[in-house]
Amino acid sequence: MNAHILLQQLVNGVVLGSVYGLIAVGYTMVYGIIGMINFAHGEVYMIAAYLTAIFLAALTLLGIQSPPVVILMVLILTMAVTALYGWSIERIAYKPLRHSTRLAPLISAIGMSLILQNFVRIAQGARNQGIPTLLDGGVRLMENGPEQFVQITHAQILIVVTAIVSMGALWYLIQGTAMGRACRAVQQDRTMAALLGVDTDRIISVVFVLGASMAAVAGTLVTFNYGSFDFFIGFVTGIKAFTAAVLGGIGSLPGAMLGGLVLGLSESIFSGFVNTDYKDVFAFSLLVLVLIFRPSGLLGHPEVEKV
Amino acid sequence: MNSMRTGALALLVWGWMWGGAGLADAGTVRIGVAGPFSGGQAAFGEQFWRGAEQAVKDVNAQGGIHGDTIELVKGDDSCEPKQAVAVANRLVDLEKVVAVVGHFCSASTIPAFEVYAEAGLLAITPGSTNPKVTERGFPTIFRTCGRDDQQGVVGAEFVVKQLKAQRVAVIHDKDTYGQGLADAMKAHLATLGLKEVLYEGLTRGEKDFNALVTKLRSVKADAVYFGGLHSEAGPLVRQMREQGVTAPLISGDGIMSETFVTSAGGPKFVDGVFMTFGADPRKLPTGLSLVERFRKSGYEPEGYTLYAYATVQAMVAAMRATKSTEGAKLAAWLKANTVETVMGNKSWNAKGDLKISDYVMYRWTSDGKYEELPR
Amino acid sequence: MPRKLWDAVLAGVVALLLFVPLTGVSLSGYTLEGHWQRPLWLAVGVVLGRLLLGWFLERRQRMVGTTRRPGWITAWIDDHRPYIVIAAVIGALLVPWWIGKYWLNVAILALIYVLLGLGLNVVVGLAGLLDLGFVAFYAVGAYTYALGHHYFALSFWAAVPLGAMLAAGFGVVLAFPVLRMHGDYLAIVTLGFGEIIRLILNNWLEVTGGPNGLRVPFPSLFGMDFGRRASPGHVTLHEFLNIPYSNEYRDIFLYLLLFLVVCGMVFLVRRLRRMPLGRNWEALREDEIACRSLGIQPVTVKLSAFGLGAMTAGVGGVFFAASQGFVNPTSFTFLESAHILAIVVLGGMGSTGGVIVAAVVLTVLPEVLRDFAEYRGLLFGCAMVLMMMWRPRGLMGIRRARFHRSEVG
């Protein structure tokens, strides 16, 4: 075991963790505001991956070649359409259930997730899809001899940088704007916020749109980096991201990012130094342990019992 | 609300009648095609269906089986054992099929074949390579593909004798097929006196294998064998190359699909990947005109398409010769005779395995195609 | 009128934006194939659907003024409850003799889901603990039989109580530290636990056979086999009774046995709900703080519900293994937990009759939809979403336990 390998595993973990974090944001915001687990969120990420490939192919057909322009345009288009998907999902499957039983939206979400998966399968075919490599190569750090280096690809750098930028933007949106203040108010107390003139339905829509955009960023970045996806990817990644959200403390934005990083790092460290077969067992055991000793997650606030 | 209930009831009753209506008409022979038509492996189900469909069209155009036309029935198992048993019972009991082409995933094939064997039905899988499928002494069970243990032997011989690898890492996807392949590889490596340096499984459906790739670096593997499907092999090889691992990747027939190139992010990543597969059915002289027809209709007959076609051909040949659809008679005939198929002449041993396994090594090239290595 | 039209047009525009990229073109390698007619048809469908929905909502709005008739079916069911139960029991006993092997297998699966639904109903519906990893206990039961048979030649009759005990044990051990958590965290922990169990079953090759699964024998009846040929030292049932062999007998036997177990479970739950323990479950679901102030121990009460649920799942697992003849970790994924939860919610949480109906419908429906193999998942998902909109409290709705004068006096 040497330092290069350890550093390389840390790099792997941070990249993976950034992706988990971006998706976890969607879970955590929706949970914070309406207290439901949005099981269809993983499928939103899957749809973003498909949209990325479709827009990329479309731009290539239109003759736009320059990588930075293509990446930026694909990212913006994907975010726009995915956000629309997030909005529509909320409008169709959750809004009519706003005043229903606590489990009704959960079942509806599971149903929605089945719908989206099968819709994409029927529309796009069941086969594994991919995109050509846009970002090539990378940088080698601390190179001294064969196997003695830390490799960071350009796509990985793009993932981490974009994740930081978009999380920063989201943070500003929530903390620094009037709309963000309204979001926080609704999260604190929906009835009170409504009484004070906040259009809660609109705010909930906004939250779904924001969550879906973040999932879109993740979907686009992952597609650029790994280049391969199918209609089933939303499930595994969704569960992992959700685990990250809970780990960090559901309802808390920095918690989602931290949870993603912790999960990504622990997965890659465990997989690298212990055993790949059991890395998911380790991840879920970590979750169970954290919840037992810190029931509201790493950064969550303990829940106040309201009578 | 009341109308909802009546509606649900009507749907049930209708479903019942629909299910019951599927009885065999005089003059038709019903054959089931079972495989994953939904779920993650649906691409392989489609290959089965395309191949079988075309074969049935051709047979019916030539006058069917002594005047009887063949009709295909689809059975979707999503590669899940529970559904496979349900589908198998449905094909046997409701659809009254006389033979089954399928299933694909070994984990589905194994329990489903028990149902067919019990009903005395001829069942031939074009794609399940796990040894267990034919090892259980059922008389009416066949396959038109090879076995994983044969594949593992060819792969291991190649890795040790051609590539002269010393430190082999074996990776699998923790599924019946992939793990079976990896185990076969491991076993034959051992007989060649080599112990693998790493034996681990990745999770199907994930795309990030960077941690595993770093581990490959840390154990200094000089050859990597992967038992699994193209959907994971693609990202794996890409991440290996991106992280600077130059060891060659060797895999089995599960990556035999053009999608492998797409999922790896382009031909430059698959360049130099080796795999074992039956001699390419698309290149056989017997299949040329059929391949042409497929391509004209806008479909590339890749992977198991021609295997499914050949499976139907074998069934039809047996039915024509014995003038029967009884599983035991068909099976006895198939074991005693040689069938001329689109993939050349095929004959089966007493277990139902092909007498001649024709696994050879292939190499993916820099233009995203694969070519047979000179033997 | 113009407003409704405007709404519909807007919905159409949104639908176009959604459907053009995903259905208007499809990926083919690195390029695209156009299918321009698909999004147009979908958008037209959405516009018409929106118009119809608007008309429907308006009609319902007008109905609100008039007093609504109570559902006559519900009233009729209430009036004829004993007859319905007797008819259902007789029907269920007659069914296996003439439906054929395929539907018999579906019926067995339906009964297993009824059992699982009833078990989860105790946990979620009565005690109000959201459990997303119920499948873990189901897997424990199934693997108890499979592994027990493989290593210790355990018989089916010994596996049933052992599976139940082991599953309940796992349930209690897991739940004990977790139960002090607030509702949704419990959901996550159980979800994680479900995945852990499945992954261990899949990865621990040396013991569980991993993805290759394990073969499971069929149960025998008083030492008699159901096979065509007897295994050494055994007699077959058809030889003993001197009747012609049929491969349906063993399924009929399993069906009847399961039916007995389900009846036992229904009876148990009915009794428990009237006992202090059952009332504590429901009280705890409604208001935990009030319960604590009345001296009810939340942890023991929750633990009993969790353990009973897990035990039921364990029994269901043993039956599942026996009916399939093969177990493999793919049968115990999260989707399976979601399916069982859907049964409980669709049936109306807490309602025994509702859970039974929902389990049967949700098992038979996918089989019926098999004819639309391509669209099965889509239709199943739509059914779940629509059901939640029209009947969020489930098919039967919740029926609260009440003290009636006659019961008390």
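The residue numbering used here restarts from 1 in each chain and proceeds along that chain's sequence as written. The order in which chains are written sets their letters, starting at A; the order in which ligands are written sets their numbers, starting at 1. This being a predicted model, a pLDDT of at least 70 is required before a residue's local features are given, and a value of 80 or more before pairs of side-chain atoms are given or counted; all residues contribute to the totals for chains, interfaces and linings. Excluding hydrogens and water, the side-chain figures rest on all heavy atoms present in the structure.

Structural notes on the domain arrangement of chain B
All names here are of chain B.
And step 1. A domain assignment, automatic or from a database, supplies the domain bounds used here. Annotation of chain B at the domain level lists domain 1 (17-145 + 304-342) and domain 2 (148-278 + 359-372).
And step 2. In this description, contact between two residues means that some pair of their heavy atoms is separated by no more than 4.5 Å. Contacts between the two partners involve nine residues from domain 1 and, on the opposite side, 13 residues from domain 2.
And step 3. Summed over both partners, buried area is the accessible surface (1.4 Å probe) that two parts give up on being assembled. Counting each side, the surface lost to burial between domain 1 and domain 2 is near 1000 Å², with a carbon and sulfur contribution of 50%.
And step 4. Think of a polar contact as two N or O atoms within 3.5 Å of one another; within protein, one of them needs to be a possible hydrogen donor and the other a possible acceptor, and neighboring residues in sequence only count if both atoms come from side chains. Counting every contact that joins domain 1 to domain 2 gives two residue pairs in polar contact (both at pLDDT 80 or more).
And step 5. Polar here means any residue other than Ala, Val, Leu, Ile, Met, Phe, Trp, Tyr, Cys and Pro, which are nonpolar, and Asp, Glu, Lys and Arg, which are charged; Gly is therefore polar. Residue composition of the side of domain 1 that touches domain 2, by class: five nonpolar, four polar and no charged.

Points about a nonpolar patch on the surface
Residue and element names in this part refer to chain A.
And step 1. Together, Leu6, Leu7, Leu10, Val139, Leu141, Met142, Ile157, Val161 and Val165 make up a nonpolar patch on the protein surface, roughly 690 Å² of accessible area in all.
And step 2. Segments assigned H or I by DSSP are reported as helices when at least four residues long, segments assigned E as strands when at least two residues long, and all are numbered from the N terminus. When residues of the nonpolar patch are traced back to their parent elements, those giving at least two are helix H1 (3-34), strand E2 (138-141) and helix H5 (154-176).
And step 3. For Ile157, the position within the fold is in helix H5. Residues enter patches when they are more than 30% accessible in relative terms and free of salt bridges; like-charged ones are connected within 9 Å and nonpolar ones (Val, Leu, Ile, Met, Phe, Trp, Tyr) within 5 Å. All accessibility values rest on the Shrake-Rupley procedure with a 1.4 Å probe; residue burial counts only the protein chains present in the view. For this document, the term salt bridge refers to a Lys or Arg side-chain nitrogen within 4 Å of an Asp or Glu carboxyl oxygen.

Section: the pattern of salt bridges
And step 1. The tally for this structure, following the rule as stated, stands at 38 salt bridges over all chains.
And step 2. Taking the shortest distance from any N to any O, the salt bridge between A:Asp201 and A:Lys95 comes out at 4.0 Å. You can see A:Asp201 sitting in helix H8 (residues 200-226) and its partner A:Lys95 sitting in the loop between helix H3 (67-94) and helix H4 (104-124), a full 106 residues away along the chain.
And step 3. Exposure is judged per residue with a 1.4 Å probe applied to protein chains only, and the accessible area is read against the type maximum: over 50% gives exposed, under 20% gives buried, and values in between give partly exposed. The exposure class assigned to A:Asp201 is partly exposed, which follows from its relative accessible area of 32%.
And step 4. Its relative accessible area of 28% is what places A:Lys95 among the partly exposed residues.
And step 5. Two residues, B:Lys351 and B:Glu135, come together in a salt bridge whose shortest N-O distance is 3.0 Å.

Side note on the side chain of B:Asp76
And step 1. With respect to the secondary-structure elements, B:Asp76 resides in strand E2 (residues 69-76).
And step 2. Looking at B:Asp76, its side chain comes within polar contact range of the main-chain nitrogen of B:Ser78, at 3.0 Å.

Focus on unusual backbone geometry
Residues and elements named next belong to chain B.
And step 1. Here the residue pair Gly102 and His103 is connected by a cis peptide bond, since its omega of -5° sits within 30 degrees of zero.
And step 2. Relative to the helices and strands, His103 is located in the loop between strand E3 (99-101) and helix H4 (106-119).
And step 3. Of note in this structure, His66 is not a glycine but carries a positive phi near 50°.
And step 4. In this structure, His66 sits in the loop between helix H2 (42-61) and E2.
And step 5. The class of His66 is exposed, set by a relative accessible area of 51%.
And step 6. Located in the positive-phi region is Cys79, a residue other than glycine, with phi close to 60°.

Let's talk about the state of the cysteines
A covalent bond between the sulfur atoms of two cysteines is what we call a disulfide.
Residues and elements named next belong to chain B.
And step 1. Whenever a pair of cysteine sulfur atoms sits within 2.5 Å, that pair is classed as a disulfide. Under the definition given, this model contains one disulfide over all chains.
And step 2. Disulfide pairing places Cys79 opposite Cys105 at an S-S distance of 1.9 Å. Taking the sign of the S-S torsion, about 80° here, the bridge from Cys79 to Cys105 comes out right-handed. In this pair, Cys79 is assigned in the loop between E2 and helix H3 (81-93) and Cys105 in the loop between E3 and H4, connecting sequence segments 26 residues apart.
And step 3. Given a relative accessible area of 12%, Cys79 falls into the buried group.
And step 4. Given a relative accessible area of 8%, Cys105 falls into the buried group.
And step 5. Sulfur of Cys145: no disulfide; nearest cysteine sulfur belongs to Cys105 and is 12 Å away.

Thoughts on the interface of chain A and chain C
Frequently, the measure chosen for interface size is the accessible area that the parts lose on association.
And step 1. Listed by partner, the interface residues are 68 residues for chain A and 57 residues for chain C.
And step 2. Overall, the association of chain A and chain C removes approximately 5600 Å² of surface from exposure, summing both partners, and the carbon and sulfur fraction of that is 76%.
And step 3. At the boundary of chain A with chain C, the tally comes to zero salt bridges.
And step 4. Linking chain A to chain C there are six residue pairs in polar contact (both at pLDDT 80 or more).
And step 5. Elements represented by at least two residues in the side of chain A that touches chain C include exactly helix H2 (41-61), H3, H4, strand E1 (129-130), helix H9 (233-248) and helix H11 (279-293) of chain A.
And step 6. Sorting elements by how many residues they give to the side of chain A that touches chain C places H4(A) first, with 16 residues.

Thoughts on the packing of aromatic side chains
And step 1. Planes of paired rings set the category: under 30 degrees apart is stacked, over 60 is edge-to-face and the rest tilted, where pairs are Phe, Tyr or Trp rings (Trp by its six-membered ring) whose centres lie within 6.5 Å. Under the defined criterion, the tally for this structure stands at 40 aromatic pairs over all chains.
And step 2. Ring centres of B:Tyr304 and B:Tyr307 lie 5.5 Å apart, and the angle between their planes is 65°; on these two criteria the pair is classed as edge-to-face.
And step 3. When its relative accessible area of 2% is taken as the criterion, B:Tyr304 is described as buried.
And step 4. Relative to C:Phe156, the ring of C:Tyr145 has its centre 5.7 Å away and its plane inclined at 65°; by these criteria the two rings are edge-to-face. Of this pair, C:Tyr145 sits in helix H6 (residues 135-152) while C:Phe156 sits in helix H7 (residues 156-178), and the two are 11 residues apart along the sequence. Comparing C:Tyr145 with C:Phe156, the two get one shared label, buried.

Focus: the pairing of strand E7 (residues 198-201) of chain B
Residue and element names in this part refer to chain B.
And step 1. A two-sided burial pattern is seen for E7, the buried positions comprising Leu198 and Glu200 on one face and Tyr199 and Gly201 on the other.
And step 2. Pairing of strand E6 (residues 168-172) with E7, which is carried by four bridges, proceeds in the parallel orientation. Bridged to Val170 within E7 is Tyr199.
And step 3. Of the crossover connections in this fold, the one passing from E6 over helix H6 (residues 176-191) to the parallel E7 is right-handed. The rule for pairing is simple: two strands pair if DSSP sees at least two bridges between them. Here, the term right-handed applies to a crossover whose path from the first strand over the helix to the second runs clockwise when the strands point away from the viewer.

Some words on H1(A)
All names here are of chain A.
And step 1. Multiplying 1.5 Å by the residue count of a helix minus one yields the expected span of that helix. Counted at 1.5 Å a residue, the expected span for H1 with its 32 residues is 46 Å, and the 45 Å between its end C-alpha atoms agrees.
And step 2. Fitting axes to the seven residues that end at a residue and to the seven that start at it, the angle between those axes gives the bend at that residue. Of all bends in H1, the biggest is about 25°, found at Ala24.
And step 3. Most of H1 sits inside the fold, with 27 of its 32 residues counted as buried.
And step 4. The first or second residue beyond H1 is Gly35, which carries a positive phi of 65°.

Section: the packing of H1(A) against H5(A)
Pairs of packed helices are described in terms of their axes, by the angle between the two and the distance that separates them.
Residue and element names in this part refer to chain A.
And step 1. In this analysis an axis means a line fitted to C-alpha atoms, helices contributing only their contacting stretch, and an angle means the value between N-to-C directions, from 0 to 180 degrees. Across the interface, H1 lies against H5 with an axial gap of 9 Å and an inter-helix angle of 30°. Here H5 runs roughly parallel to H1, going by the angle between their axes. Our pair here, H1 against H5, has a crossing hand that is left-handed. Between H1 and H5, the contacting residues are Val11, Asn12, Val14, Val15, Ser18, Val19, Leu22, Val25 and Met29 on the first element and Gln156, Ile159, Val160, Ala163, Ser166, Met167, Leu170 and Ile174 on the second. Should an angle fall under 35 degrees it is called roughly parallel, over 145 degrees roughly antiparallel, and 65 to 115 degrees roughly perpendicular, with every other angle called oblique. With the far helix as reference, a near helix turned anticlockwise by less than a right angle produces a left-handed crossing, and one turned clockwise produces a right-handed crossing.

Here's the deal with the sheet that holds strand E4 (residues 122-125) of chain B
Residue and element names in this part refer to chain B.
And step 1. Taken together, the five strands give an open sheet; going across it, the order is E2-E1-E3-E4-E5, and neighbouring strands pair in parallel fashion. Across the chains shown, the open sheet's two edge strands, defined by having one partner strand only, are E2 and strand E5 (141-143). This sheet shows a mean twist of 25° between the axes of neighbouring strands, independent of strand direction.
And step 2. Lying over the sheet, H2 contacts strand E1 (28-35) and E2, oriented at roughly 170° with respect to E2.

A closer look at the packing of H1(A) against helix H7 (residues 210-218) of chain B
And step 1. Across the interface, H1(A) lies against H7(B) with an axial gap of 9 Å and an inter-helix angle of 170°. Between H1(A) and H7(B), the angle falls in the class roughly antiparallel. On H7(B), the residues touching A:Ile5, A:Gln8, A:Gln9 and A:Asn12 of H1(A) are B:Asn210, B:Ala211, B:Thr214, B:Lys215, B:Arg217 and B:Ser218.

Here's the deal with the environment of A:Ile174
Residue and element names in this part refer to chain A.
And step 1. On the secondary structure map, Ile174 appears in helix H5.
And step 2. For Ile174, a relative accessible area of 9% puts it in the buried group.
And step 3. Leaving out residues up to four positions away in the same chain, Ile174 has contacts with Met29, Gly180, Arg181, Cys183, Arg184, Leu210 and Leu253.

Examining the pairing of strand E1 (residues 25-28) of chain C
Residue and element names in this part refer to chain C.
And step 1. As paired strands, E1 and strand E2 (residues 31-34) are joined by four bridges and run antiparallel to one another. Its bridge partner being in E2, Leu27 is matched across the sheet by Leu32.
And step 2. The hairpin formed by E1 and E2 contains two residues between the paired strands, and Gly29 there has a positive phi angle of roughly 65°.

What about the sheet that holds strand E13 (residues 359-364) of chain B?
All names here are of chain B.
And step 1. Overall, mixed pairing links the seven strands, which are arranged E7-E6-E8-E9-E10-E13-E14 in an open sheet. A single partner strand is all that each edge strand has here, and the edge strands are E7 and strand E14 (370-372). Strand-to-strand twist of the sheet, defined as the mean angle between neighbouring strand axes without regard to direction, takes the value 25°.
And step 2. Direction of pairing for strand E8 (residues 223-227) relative to strand E9 (residues 249-251): parallel, over a ladder of three bridges. Along E9, the bridge assignment pairs Val224 with Leu249.

Re the confidence of the model for chain B
And step 1. Averaged over all residues, the pLDDT of chain B equals 85, while 92% of them reach at least 70.
And step 2. Taken together, the chains of this predicted complex give a pTM of 0.84 and an interface ipTM of 0.86. Looking at any residue, its pLDDT shows the predictor's confidence there, from 0 to 100.

A short note on the side chain of A:Ser88
And step 1. By the secondary structure assignment, A:Ser88 is in helix H3.
And step 2. Overall, the relative accessible area of 7% leaves A:Ser88 in the buried class.

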